[in-house]
Every structure is written in C-alpha cells, then in structure tokens.
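# Remarks on the overall topology
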Amino acid sequence: MPHDPSRRLRQLQRVLIVIELLGPLRYGATINELISEVRHADGEYCVRTIERDLDALQQLGLVQRERLGHRLKLDRWKLTACSSRASRLNEIAEHRAERMVG
C-alpha cells in the first residue's frame, strides 16, 4: 500500500486530540465520551479507530485504562502519571505537523 501522508497526518491529529482531551480530566473519560469529542473536533470516527489509538497510546505508556466492570464501554481512559511527558509530546507533534502542512 502506498504511503499516504494526509492519512498519517489525520491519524496524528486524532491522537493529539485524544491526549488534549484527556489532559485536564482527573478521572478520565469513557470511549464514548472521547468519540463524541473527537467527532466534534475532527469529523467522524468509528469506535474501533479510537480504540486502536488508545491501545497505541497505552503501549507507549501515555494513557491507562481503568476497568469499571465487564463492559468495555464503561472503562475510563486517562493520562498516566507521565502526563507532562504527554504534554511535551503533544507540543513536539504539533510542531512537526505544522511543518508537514506548511
């Protein structure tokens, strides 16, 4: 599959939106709350897309899932203790995204 820079840029923007949304939330947000906000900020995305973004952020140690029952949709996602690291990553990524566009 050929490299599509605009697709990668949209993915990066979506991940940055998720980090930005979770930043001020002490108790995090459910996947449905995040999807609702991402849709307002950047268009339509399916649950699985946001789940993949959250899984990637979790693997990087930037977010954590708090289980609140047996149903995935009740779980809350929040930034980990390294939120200052996440904020710094956000700044770096935004700068790089601006350079890619401009």
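An account of the accompanying structure is given in this report. (Residues numbered from 1 in each chain as written. Predicted model: local features only at pLDDT ≥ 70, side-chain atom pairs only at ≥ 80, totals over all residues. Heavy atoms only, no water.)

Take the pattern of salt bridges next. All told, the structure shown has seven salt bridges when counted by the stated rule. A salt bridge links Glu-51 to Arg-48, with the shortest nitrogen-to-oxygen separation between them at 3.2 Å. With Glu-51 and Arg-48 both in helix H3 (residues 47-59) and three residues apart, this pair spans about one turn of that helix. The class of Glu-51 is buried, set by a relative accessible area of 15%. The exposure class assigned to Arg-48 is partly exposed, which follows from its relative accessible area of 40%. Linking Arg-67 and Asp-75 is a salt bridge whose minimum nitrogen-to-oxygen distance equals 3.0 Å. A relative accessible area of 54% means that Arg-67 is categorised as exposed. When salt bridges that share partners are traced, they join Asp-55, Arg-65, Arg-67 and Asp-75 into one network. (Salt bridge = Lys/Arg side-chain N within 4 Å of Asp/Glu carboxyl O. Helix = DSSP H or I, 4+ residues; strand = E, 2+ residues; numbered from the N terminus. Buried < 20%, exposed > 50% of the residue type's maximum accessible area, 1.4 Å probe, protein only.)

Next up on the list: H3. Its 13 residues give H3 an end-to-end C-alpha distance of 18 Å, which sits within 8% of 18 Å, the value for a rise of 1.5 Å per residue. All of the buried residues along H3 are Thr-49, Ile-50, Glu-51, Asp-53, Leu-54 and Leu-57. In the stretch just after H3, Gly-61 is the one whose phi turns positive, near 80 degrees. (Expected span 1.5 Å × (residues − 1).)

Let's shift gears to the environment of Gln-58. When you line up the elements, Gln-58 lands in helix H3. Classification of Gln-58 by relative accessible area gives partly exposed; the value is 34%. Along the backbone, Gln-58 and Lys-78 are 20 residues apart, and their C-alpha atoms lie at a distance of 9.7 Å. When residues no more than four places from it in sequence are discounted, the contact partners of Gln-58 are Val-63, Gln-64, Arg-65 and Trp-77. (Contact = heavy atoms within 4.5 Å.)

Turning to helix H1 (residues 5-22), a few remarks are in order. Residues spaced three or four apart along an α-helix face the same direction, because each turn holds 3.6 residues. The end-to-end C-alpha distance of H1 is 26 Å, a good match for the 26 Å that 18 residues give at a rise of 1.5 Å each. Those residues of H1 that sit buried are Leu-9, Arg-14, Val-15, Leu-16, Ile-17, Val-18, Ile-19 and Leu-22.

The analysis is restricted to geometry; functional conclusions fall outside its scope.
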